Structures are given as structure tokens and as C-alpha cells.
Amino acid sequence: MDITVFSPGIYTYGAMLIGGVLRDAGHTVTLTRTPAVPAGSLLVASLFSTQHLLDPAVRNLVRTHRERGGKVYVGGPVSAVPEIVLGELGPDAVVVGEGEETIVRLVSEGVSPTLPGIAYLDGDRPFVTPPAPPAPIDRSLPLIPEDIGSQSVRGASAYIETHRGCIGGCTFCQVPRFFGREVRSRDLASILTEVRAFRAAGATRLSVSGGTGSLYGSRDGEMDPEAFIALLRGMAEVMGPRNVSSPDIRVDCITDEILDAIRAYTIGWVFFGIESGSDRVLRLMGKGAKVRQVEEAVERCREHGLRVAGSFIVGYPGETGRDYEATKDLIAALCLDDVFVSSAEPIPGTPLADLAVKTPRDQNPAFVPHTGEYRTLGLTESEARCFDMMMHADIFRPQIRLVTDEVYATYLAEARKQGQDIRAATELILRYGRART
Ligand code: SF4
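Identification of the protein as TIGR04014 family B12-binding domain/radical SAM domain-containing protein from Methanoculleus caldifontis is taken from an unreviewed UniProt entry. Note on the protein: under the UniProt heading Cofactor (unreviewed entry), the record states "[4Fe-4S] cluster".

Set out below in C-alpha cells:
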């Protein structure tokens, strides 16, 4: 069968994986980042953001393809709440959860109430079949597009999936809900075969994906630093250490050996999801770490000669002005090499989505009008904090970045865009009356 796998904007690892699985099942598969599909091709849309469900280009693609008689299946992280996908896009079916085995059966057998792991409309009512078991962690090569070398996502051509699941329970994150809290790691030889294939296809830098990198090889909640070090060493032997990154890591999942390996076998950066400088907010977020641990982890990385980036979330429901100031103080004290700021986004199926739905609008920073320093800009409280934090972070870098008029306008537009997206996601969740599967 002729199949087009559509991954909006970027070739995600998940889309490449589904492409590879379908190719190995004997189909002719094309992977595309643009919303176009030839008539007669079966469309598999791999969607990773709630915003894709609201994107006119994606909606139009699904609608017109079905009007031409084509079939459309949707999978990926948006499948966490399949009723929303069915209601917004109206595909023939949604592949729910880990879809590698389900999609192959769906393509060959068609929609059926006896096929586990799918959802579809029965008349105008959503019908969700029982969940499929987690897919096997080892599998054949992904479908690697010829132009993979042209892609740069935070500097990497692709994020290789080395393991699934995360021991964490952060309320805003989908990883433990989608893949579970038990870590399942791939065989090292299989990962390295894949790394060689990416390199042969022109990938210039590869990164370790999977929530928090150093959990690779862990069992029963116990880390296995040797497994993670062997992974980095193996990737560096293929790609060269300047072409490997291992960015995302928990502050409580580092050891001296791990940091030495990151220094030796990667570009030498660590990326911590710090989120807040308030222990109270970190508790609300279920982060499982305290500000003191963040400070110690950053210092330890520096002792190992690493550069450290951190991400922060503002406008979490319940975040007070005092909590926000504590986060600004932490950014000033840490003097990070790079900082990423985002407003708290409720992803359907996460506890944060539940919280956003339960929080009255006049108490939700995503909706409350800002009345402070930036009141003339017409921002909400979370937009104002996001904008303010981005400018604040620039002052406290090792090399100060000047906030020019252009930078100011860029940050303001970004804060506004995030605010709009978050309100749209919240409205969507409210419309469907539930946030969790
Ligand atoms: S540690 Fe990272 S991957 Fe794990 S739940 Fe928290 S945010 Fe998600």
C-alpha cells in the first residue's frame, strides 16, 4: 500500500519510527513535514502537539483527503485523549498510545472493535477499544529521510529514542503518562546500528531522547551509570563527540562519572528542567526535586567543566508573585549559560490539564489580565511573567545579551503566542469536559 506519514514541521523520531515499521511491513512509505498527501495514498498523521489539532493546515489536510476518498489515521502524543482528536479532526481512526504494532494491524485489517489500541467514531459517538500492550522496545530501523541533515532541532538533526518511560511524575509532562514510569531501555547494539544509519543518511548531530537521558539502562528505579556512559561513548565513536548531545537530565539523576562522560563524549552541555525557584511550586508541579538540589547540581556540572542550560515554567496555576520573584532570584544566582522560558501549558491527559480545568478563570494566570509593570501592553499575567522572565534571564548570563528593540519585540510576540496557545488548549480541554484518559 502507498502510505504518507505526515509529521508537521519537523521529522520527529516517532514519525520516522512509524515510517520504518510500515516500510518493514511491505508498504511504500513517504515521510513528509509539509501538509500535502497524494490522492490514493493512506495518510498517517503523527501529531505531537495539541496545537496541531487546531492548526488550519492540519485540519484542512485531513478534511480534504477524506473528501477525496482517502483514509486518515492519526497517532502520536495527541492520542492521549482520543476523543479530542476524533472531535477536532474526524479521522477514520486514532492509534492510541504506543502505536508501532497497532498501526500495522490497522492498515491491514481496517477499523474494528476487536483491534486493541484504537479509537474511532461509531456514528457520532467515540468508541475506544481496550488498550494495546506496550510495544516492544527493540525494533527495526526508522525511515530516515534523505534530507535529515537539513534538520536542526535545538542543534540536533534527530533525537534518538534510547529508552521509554520516566521515573518522574511532573504534572505538566506527558512522558510518564504515555510511556509509563518504568524505564524500558533499548539494546545498545541496536541503538548504535541506528546511529550509523543516521550518520550515513547525513545527520550532523544526534541527541539522546527519552525524557531524562541518564535513566538509560536503569531498572526498578535504580540508575545504571555504566550503561549510560557506554551509550554516550558508542555514539561518540560513530558521530564524533562534537556531534553528540545528551541534553535533558534530572538534577537528581547525575553522578560524577555521568558528568565526566558528558564532558568526554558530547558537546559538553547539560539541560536541566528547573521550572521554578520556589519549593512550593516545585511541589505543586510534582517535580520531586528542591531548589537546593538544583543549586548543587548546577555547581557540580560546572566543577566538571560543563555548560548548563535550564528551562523554567511561569504562570503555573497557584504561582504567586512571591514564587515568581523566587524564580527570578534563582536565575540571577545560577547565571546559566542558556535559559528557556515558557508559560505553563496544559497538555490533555496530564494532571496540569485537570488543574487548569478546575482553576477558575479569575485565578488562572493564563486568563487573568496583568495589572503591573506591563499593563499598557494588554497581556495576561502568565504572558507578562513569560516576557519579563525572558528579558531578566538575558541580564544574568555569563555574557550579557543586550535587549535591543528587536529582541524586545521578539520576546513580546513569543509571550503573546504562548498565551494564545495555552488559552486555546484550555478551551479545548474544557470543551471535551475531561482532561485525562
Ligand atoms: S523528569 Fe522530565 S521526562 Fe520525567 S516526568 Fe519530569 S519533565 Fe517529564
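**Details of the pairing of strand β3 (residues 42–46)**
Moving residue by residue along a regular strand, the side chains alternate between the two faces of the sheet. Summarising burial for β3: five of the five residues are buried, a large majority. Judged by which residues are buried, β3 turns out to be covered on both faces: Leu42, Val44 and Ser46 on one side and Leu43 and Ala45 on the other are all buried. Relative to β3, strand β1 (residues 2–6) runs parallel, the two sharing four bridges. The residue bridging Val5 from the neighbouring strand is Val44, located in β3. In this sheet, strand β4 (residues 72–75) lies alongside β3 in parallel orientation, the contact comprising four bridges. Looking at β4, one finds that Ser46 is bridged to Gly75.

**Focus: the packing of helix α8 (residues 225–239) against helix α9 (residues 256–265)**
Interhelical geometry of α8 versus α9 gives an angle of 0° and a closest axis separation of 10 Å. When the interaxial angle is binned, α8 and α9 end up roughly parallel. Contacts from Pro225, Phe228, Ile229, Leu232, Arg233 and Ala236 in α8 reach Glu257, Ile258, Ala261, Ile262 and Tyr265 in α9.

**Some points on the pairing of β1**
Within β1, four of the five residues are buried, which leaves the element mostly enclosed by the surrounding structure. Both β1 and strand β2 (residues 28–32) contribute to a ladder of five bridges, which runs parallel. Bridge assignment links Ile3 to a residue of β2, and that residue is Val29. Where the polypeptide runs from β1 across helix α1 (residues 13–24) and back to β2, its parallel neighbour, the crossover connection is right-handed.

**Focus on the packing of aromatic side chains**
Scanning the entire structure with this criterion turns up five aromatic pairs. Ring geometry for Tyr374 versus Phe387: centroids 5.2 Å apart, planes at 70°, classification edge-to-face. Of this pair, Tyr374 sits in the loop between α13 (351–358) and α14 (381–395) while Phe387 sits in helix α14, placing them 13 residues apart in sequence. Phe387 matches Tyr374 in its accessibility class, with the two residues each being buried. By way of ring pairs, the aromatic residues Tyr374, Phe387 and Tyr408 are connected into one cluster. Sitting over the ring of Phe271, Arg154 keeps its end group 4.4 Å from the ring centre. In this structure, Arg361 is placed above the aromatic ring of Phe367, and the distance from its NZ or CZ to the ring centre is 4.6 Å.

**Considerations on the domain arrangement of the protein**
Its domain assignment divides the protein into domain 1 (2–128) and domain 2 (148–432). Between the C-alpha centres of domain 1 and domain 2 there is a distance of 28 Å. Each side of the interface is counted separately: domain 1 has 22 residues, and domain 2 has 26 residues. Between domain 1 and domain 2, a total of about 1,900 Å² is buried, with carbon and sulfur atoms accounting for 58% of that surface. At the boundary of domain 1 with domain 2, the tally comes to four salt bridges. With a closest N to O distance of 2.8 Å, Arg164 and Glu100 form a salt bridge. Our count for the contact surface shared by domain 1 and domain 2 stands at eleven residue pairs in polar contact (both at pLDDT 80 or more).

**Structural notes on the nonpolar core**
Counting residues in hydrophobic clusters, the biggest one holds 87 residues, and the most contacted among them are Leu22, Ile103, Val195, Phe198, Leu206, Ile262 and Phe272. The element contributing the most residues to this core is α8, with eight residues. Composition of this core by domain shows at least three residues from each of domain 1 (2–128) and domain 2 (148–432). Counting 20 residues, the second largest nonpolar core, distinct from the first, contains Ala45, Leu47, Leu61 and Val81.

**Some words on the site of the ligand**
The environment of the ligand is made up of Cys166, Gly168, Cys170, Phe172, Cys173, Pro176, Gly211 and Arg250. Counted by class, the shell around the ligand contains five nonpolar, two polar and one charged residues.

Quick notes on the rules
Residues numbered from 1 in each chain as written. Predicted model: local features only at pLDDT ≥ 70, side-chain atom pairs only at ≥ 80, totals over all residues. Heavy atoms only, no water. UniProt positions renumbered as here; feature names shortened; annotations may be inferred. Buried < 20%, exposed > 50% of the residue type's maximum accessible area, 1.4 Å probe, protein only. Helix = DSSP H or I, 4+ residues; strand = E, 2+ residues; numbered from the N terminus. Pairing = 2+ DSSP bridges. Axes fitted to C-alpha atoms, helices over the stretch in contact; angles between N-to-C directions. Parallel < 35°, antiparallel > 145°, perpendicular 65-115°, else oblique. Contact = heavy atoms within 4.5 Å. Right-handed = clockwise from strand over helix to strand, strands pointing away. Phe/Tyr/Trp six-rings, centres within 6.5 Å; stacked < 30°, edge-to-face > 60°. Lys NZ or Arg CZ within 6 Å of the ring centre and 35° of its normal. Domains from an automatic or database assignment. Buried area = accessible area lost by both parts, 1.4 Å probe. Salt bridge = Lys/Arg side-chain N within 4 Å of Asp/Glu carboxyl O. Polar contact = N/O pair within 3.5 Å; in protein donor to acceptor, adjacent residues only side chain to side chain. Core = buried A, V, L, I, M, F, W, Y, C linked by side-chain atoms within 4.5 Å. Near = heavy atom within 4 Å. Nonpolar A, V, L, I, M, F, W, Y, C, P; charged D, E, K, R; others polar.

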